Amino acid sequence: MSRLTLIVAATLENGIGQNSTLPWRLPKEMAYFARTTSNAPEGKRNAVVMGRNTWESIPPKFRPLKNRVNVVITRNRDYHLDPQSSSTSNAPTHLCTSLESALSLLSNPTKFEKPIHRIFIIGGATLYNETLSLPPSAPSFVDRILLTRIHSPTFKCDTFMPDFQNQDDMENRQQSRWKKASHAELQEWVGFDVPEGMQEEKEIQYEFQMWVR
Ligand code: FOL
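Each value, and the rule that gives it
- Residues numbered from 1 in each chain as written.
- Predicted model: local features only at pLDDT ≥ 70, side-chain atom pairs only at ≥ 80, totals over all residues.
- Heavy atoms only, no water.
- Helix = DSSP H or I, 4+ residues; strand = E, 2+ residues; numbered from the N terminus.
- Rg over C-alpha atoms; globule rule 2.2 N^0.38 Å.
- Buried < 20%, exposed > 50% of the residue type's maximum accessible area, 1.4 Å probe, protein only.
- Contact = heavy atoms within 4.5 Å.
- Lys, Arg positive; Asp, Glu negative; His and termini not counted.
- Charge placed at Lys NZ, Arg CZ, Asp CG, Glu CD.
- Salt bridge = Lys/Arg side-chain N within 4 Å of Asp/Glu carboxyl O.
- Polar contact = N/O pair within 3.5 Å; in protein donor to acceptor, adjacent residues only side chain to side chain.

A. Local environment of the overall build of the protein chain. Counting secondary structure elements, the protein chain contains 6 helices and 12 strands. The C-alpha radius of gyration of the protein chain comes to 17 Å, within 12% of the 17 Å expected for a compact globule of 213 residues. With the C-alpha coordinates of the protein chain rotated into their principal frame, the extents come out at 40 × 40 × 35 Å. Looking at the protein chain as a whole, 49% of its 213 residues are labelled buried. For the protein chain, long-range pairs separated by at least 24 residues make up 70% of all intrachain contacts whose partners lie at least 6 apart in sequence. If the 25 positive side-chain charges of the protein chain are averaged to one point and the 23 negative ones to another, these points end up 4 Å apart.

B. Region of interest: the side chain of Arg45. Here Arg45 is to be found in strand S3 (residues 45-51). No salt bridge forms around the buried Arg45; measuring N to O, its nearest opposite-charge neighbour Glu113 is 6.7 Å away. Within polar-contact distance, the side chain of Arg45 engages the backbone oxygen of Asn90 at 3.0 Å.

C. Local environment of the pattern of salt bridges. All chains considered together, the criterion is met by 4 salt bridges. Among the ionic pairs, Arg63 bridges to Asp82, the shortest N-O distance being 3.6 Å. Residue Arg63 is located in the loop between helix H2 (52-57) and strand S4 (68-73), and its partner Asp82 is located in the loop between S4 and strand S5 (87-88); the two are separated by 19 residues in the primary sequence. Arg63 gets classed as buried once you look at its relative accessible area, which sits at 14%. Assessed through its relative accessible area of 22%, Asp82 is described here as partly exposed. In this structure, Glu130 engages Arg75 in a salt bridge whose closest nitrogen and oxygen atoms are separated by 3.6 Å. Of this pair, Glu130 sits in helix H4 (residues 125-132) while Arg75 sits in the loop between S4 and S5, placing them 55 residues apart in sequence. Relative accessible area serves as the criterion here: at 58%, Arg75 is assigned to the exposed category.

What follows is the structure, encoded as structure tokens:
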């Protein structure tokens, strides 16, 4: 039974990628991603769960993402991680053939040197879709979204996340409507100060948000 946190940077149209990469380069936003996903209490580790395309989109020098347990999902049973990135003790990397097996691995404490603190779903579109569709009754369920909303300019994207704020079916309406948390709640949850309101970096405007259900 685990709660999952989805972390994403998306445009107003929910665009998240273009040509297998991020449409923007925002060093401070990326630093927020790295700090948020790495920040765990002494003696614990967070996990980052990603699809194979997202894994391949991370520059080789940054993968596996350090100080985090990396889990990569692919249906291709012949896929292999490059040996370079298989397992340094600072960032063990695991390959799974389904979301279900990834989550079951993460719930097995014997597989890890340190207990897992938080599980972050870091993309991409296929995994965001699959995890956001898990019903509240499922053993694991996304109850929090750390969304960096990119307001302007308009970026051309070919990959999108689901429109989570307007998934208006009965289940969502009755028991799982997404609500935007306050900035104080965002800071309390991530555990460090986060700049509030519209940010500007290289003439790109964006805002750090947290949504909960
Ligand atoms: N969420 C947010 N808020 N911003 C993102 O850019 C983002 N990106 C992904 C998923 N969720 C996100 C997936 N793409 C790296 C590169 C691409 C990527 C995720 C991570 C990466 O290289 N991260 C390094 C930091 C690199 C640096 O400092 O430039 C890390 O240690 O996390």
